[in-house]
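Given next are the chains, with one letter for each unit.
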Amino acid sequence: VTFAALRVQAPNLPGWMSAGFSLLLLVIMPLAGRLWEDRLELQERGKIIQEQLESAEQRHEELRAAYLEQEHILIEIRRRVDELTMLHQLTLHIGSTLDRETIIGSGLKAIVGSLPYDHAWVALWNSHHQLFHSIQTEGISANGEAVVRDVHIPSTPQDLLHTTLHTQDPIVIEDIR
């Protein structure tokens, strides 16, 4: 058919050239069909790869969220283990002595060592004289500790320390300055 169409449209072309064009078309048409099929197959594979990529990204996000949750749990477990270790050590110190200063000192060291405070202090209450005395500290300089050790803080029912000592209700301080 192609050969005859070329002979009608271009009658002065040699026959071998018309036959060559016809053979060329016979070779190109199956190749063009195959290229079209390959293109469709590549598009389908591209869709599959895109779906797999989206699925992998979703799975990655799920695993990332699970990993972060595990990290938070691990941090909480470590914090609790540290607290239990501190309590165990404090119990060992307290159980090994009856000396009040040693017990208070161990408690203050445990507070400064395991809680987010850089220093702590304790004052004993003398109800007969209505004053705080024998202040023990942890986390301050030796000079500062020597200064506060012999300080006596008198207290009246209007004082915050007196109120704190004699009430079971929580005390809220709005502005600590």
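Residues numbered from 1 in each chain as written. Predicted model: local features only at pLDDT ≥ 70, side-chain atom pairs only at ≥ 80, totals over all residues. Heavy atoms only, no water.

Caption draft 1: Up close: the sheet that holds strand 3 (residues 153-154). Taken in spatial order, the three strands make up an open sheet running 1-2-3, and their pairing is antiparallel. Here the strands that pair on one side only, and so sit at the sheet edges, are strand 1 (120-126) and strand 3. Pairing geometry for strand 1 and strand 2 (residues 131-138), over six bridges, is antiparallel. Directly across from W125, in strand 2, lies its bridge partner F132. Sheet strands touched by helix 3 (residues 100-114): strand 1 and strand 2. Its angle to strand 2, the strand with the most contacts, is close to 55°. (Pairing = 2+ DSSP bridges. Helix = DSSP H or I, 4+ residues; strand = E, 2+ residues; numbered from the N terminus. Contact = heavy atoms within 4.5 Å. Axes fitted to C-alpha atoms, helices over the stretch in contact; angles between N-to-C directions.)

Caption draft 2: The pattern of salt bridges, seen in detail. In this structure the tally under the stated criterion is nine salt bridges. Between E41 and R45 there is a salt bridge, and its shortest N-O distance comes to 2.8 Å. One end of the pair is E41 and the other is R45, both in helix 2 (residues 15-95) and four residues apart, which spans about a single turn. Under the relative-accessibility criterion, R45 is labelled partly exposed at 49%. Linking E61 and R64 is a salt bridge whose minimum nitrogen-to-oxygen distance equals 3.5 Å. Of this pair, E61 and R64 both sit in helix 2, three residues apart, roughly one helical turn. Look at R64 and you get partly exposed, because its relative accessible area is 42%. Several salt bridges converge on common partners, so that one network encompasses E76, R79, R80 and E83. (Salt bridge = Lys/Arg side-chain N within 4 Å of Asp/Glu carboxyl O. Buried < 20%, exposed > 50% of the residue type's maximum accessible area, 1.4 Å probe, protein only.)

Geometric descriptors of this kind do not, in isolation, establish any biological role.
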